[in-house]
Amino acid sequence: MGFYDELLEAAVAAAGAGAAVLRRWFRAGDLGVLRKAENDFVTRADRESEAAVLAEVRRRFPGHRILAEEGGEAGSGGDSEYQWLVDPLDGTTNFLQGLPVWSVSVACRRGDQVVAAVVHDPPGENLFGAALGAGARWNGRPMAVSGHPGLSGSFLATGYPFRAHATLDLYLAVFRDVFLAAKAIRRCGSAALDLAYTAAGVYDGFFEFRLSPWDIGAGVLLVREAGGVVTDLDGGEGFFAGGNVVAGSPAVQRELQAAVARHASEAALDRLSPATAHDPR
């Protein structure tokens, strides 16, 4: 077993530990909801899930750095080249409302490169995983992005820019063009799951603005190891810094990114809503 496989094994165990916590809390009890920002919440379930995930990571790799949604930067490995990106509950609003569309996302990157990734979907009993250079799997079976030939007639996923309202008009201009070309667009409320299902060929592509590294860390590797493409709005590698993602199978992503670029760019979004510095390296 190579080291990236060991990291993947740890990510599976850590995501499973978080999932076990979330199953106990889903549709049960006082979640102790706190408001982080407008329409952005944290619950007791988020915090306990994160504690379980981080405990498993620290047990196996005490020197690694950690960037987690509810705890920020943590861990003792201040100068380690390895950093874990953890979203202990992606889809908190769905979870609060009792909608069974949420996930745990755990990824490890070495420098700028994600090398191991897991998205665990407890309600759907789905586990998506990948290690760099080893392909991607869905419940243990190899998975690949779709073979759809382009944007026309594609089945897409997106997320609304609820943390960046100033970009809404720009987003809606993109949405209109894409909507008119696509077969359908879904907004399910968990970017990690959207990327996982894009990697699995369920969705042909995905786009969203102003996500955080823990939202997309696992999904980026899943899509790429499944044969897909992930870029920022300009077609570059700035998605961790800016939080803007365009992903999909090669043919769909190419046309989707071109459609997005007719209305939006990294510079345009920065003027409207400066990126939050969530990505310390």
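Conventions and cut-offs
Residues numbered from 1 in each chain as written. Predicted model: local features only at pLDDT ≥ 70, side-chain atom pairs only at ≥ 80, totals over all residues. Heavy atoms only, no water. Helix = DSSP H or I, 4+ residues; strand = E, 2+ residues; numbered from the N terminus. Phe/Tyr/Trp six-rings, centres within 6.5 Å; stacked < 30°, edge-to-face > 60°. Buried < 20%, exposed > 50% of the residue type's maximum accessible area, 1.4 Å probe, protein only. Expected span 1.5 Å × (residues − 1). Contact = heavy atoms within 4.5 Å. Salt bridge = Lys/Arg side-chain N within 4 Å of Asp/Glu carboxyl O. Pairing = 2+ DSSP bridges. Core = buried A, V, L, I, M, F, W, Y, C linked by side-chain atoms within 4.5 Å.

Focus: unusual backbone geometry
Comment: phi is negative for the bulk of residues other than glycine, and the bulk of peptide bonds are trans.
So, step 1. Positive phi outside glycine occurs at Asn139, with the angle close to 50°.
So, step 2. Within the secondary structure, Asn139 is located in the loop between strand E9 (136–138) and strand E10 (141–143).
So, step 3. In the Ramachandran plot, Arg210 falls in the positive-phi region, its phi being about 55° despite a non-glycine side chain.
So, step 4. Assignment of secondary structure puts Arg210 in the loop between strand E13 (205–208) and helix H6 (213–225).

Quick look at the packing of aromatic side chains
Note on aromatic pairs: each is described by the distance of the centres and the angle between the planes.
So, step 1. Counted under the stated rule, the structure contains 17 aromatic pairs.
So, step 2. Between the aromatic rings of Phe26 and Phe95, the centroid separation amounts to 5.2 Å while the plane-to-plane angle is 50°, which identifies the pairing as tilted. Placement of Phe26 in the loop between helix H1 (3–25) and strand E1 (34–37) and of Phe95 in helix H3 (residues 92–97) is noted, with a sequence separation of 69 residues between them. Phe95 matches Phe26 in its accessibility class, with the two residues each being buried.
So, step 3. Taken together, a centroid distance of 6.0 Å and an interplanar angle of 25° make the contact between Phe61 and Trp84 stacked.

Comments concerning helix H8 (residues 250–261)
So, step 1. Here H8 is 12 residues long and its end C-alpha atoms lie 16 Å apart, about the 16 Å a rise of 1.5 Å per residue gives.
So, step 2. For H8, the set of buried residues is Ala251, Val252, Gln253, Leu256, Gln257, Ala259 and Val260.
So, step 3. Against strand E11 (155–158), helix H4 (168–181), E13, strand E14 (229–231) and strand E15 (245–248) lie the buried residues of H8.

Some points on the pattern of salt bridges
So, step 1. Applying the stated rule across the entire model yields 8 salt bridges.
So, step 2. For Arg60, the salt bridge identified is with Glu9, shortest N-O distance 3.8 Å. Note that Arg60 is positioned in helix H2 (residues 44–60) and Glu9 in helix H1, a separation of 51 residues in sequence.
So, step 3. Using a relative accessible area of 30% as the deciding quantity, one classes Arg60 as partly exposed.
So, step 4. On the basis of relative accessible area, Glu9 is assigned to the partly exposed category, the value being 41%.
So, step 5. Residues joined by salt bridges that share partners form a network here, namely Glu9, Glu56, Arg59 and Arg60.

A short note on H6
So, step 1. An ideal rise of 1.5 Å per residue puts 18 Å on 13 residues; H6 measures up with 18 Å between its terminal C-alpha atoms.
So, step 2. Counting buried residues along H6, 12 of its 13 residues qualify, which places the element largely inside the surrounding structure.
So, step 3. Looking only at H6, the buried set comprises Pro213, Trp214, Asp215, Ile216, Gly217, Ala218, Gly219, Val220, Leu221, Leu222, Val223 and Glu225.
So, step 4. Trailing H6 by a residue or two, Gly227 shows a phi angle of about 95°, which is positive.

Quick look at the pairing of strand E5 (residues 82–90)
So, step 1. With respect to burial, E5 is a largely interior element, 9 of its 9 residues being buried.
So, step 2. The pairing of strand E3 (residues 65–68) with E5 spans 4 bridges and is classified as parallel. Counted as the bridge partner of Leu67 is Leu85 from E5.

Considering the nonpolar core
So, step 1. With 36 residues, the main nonpolar core has Val119, Phe128, Ile216, Leu222 and Val245 as its most contacted residues.
So, step 2. For this core, the secondary structure elements donating two or more residues are strand E7 (113–121), strand E8 (126–131), helix H5 (191–199), H6, helix H7 (239–242) and E15.
So, step 3. With residues up to four places along the chain from it excluded, the contact list for Phe128 reads Ala117, Val118, Val119, Arg137, Trp138, Met143, Leu193, Ala196, Tyr197, Ala200 and Leu222.
So, step 4. Grouped together as the second largest cluster of nonpolar side chains are 31 residues, Ala14, Leu22, Val106 and Val115 included.

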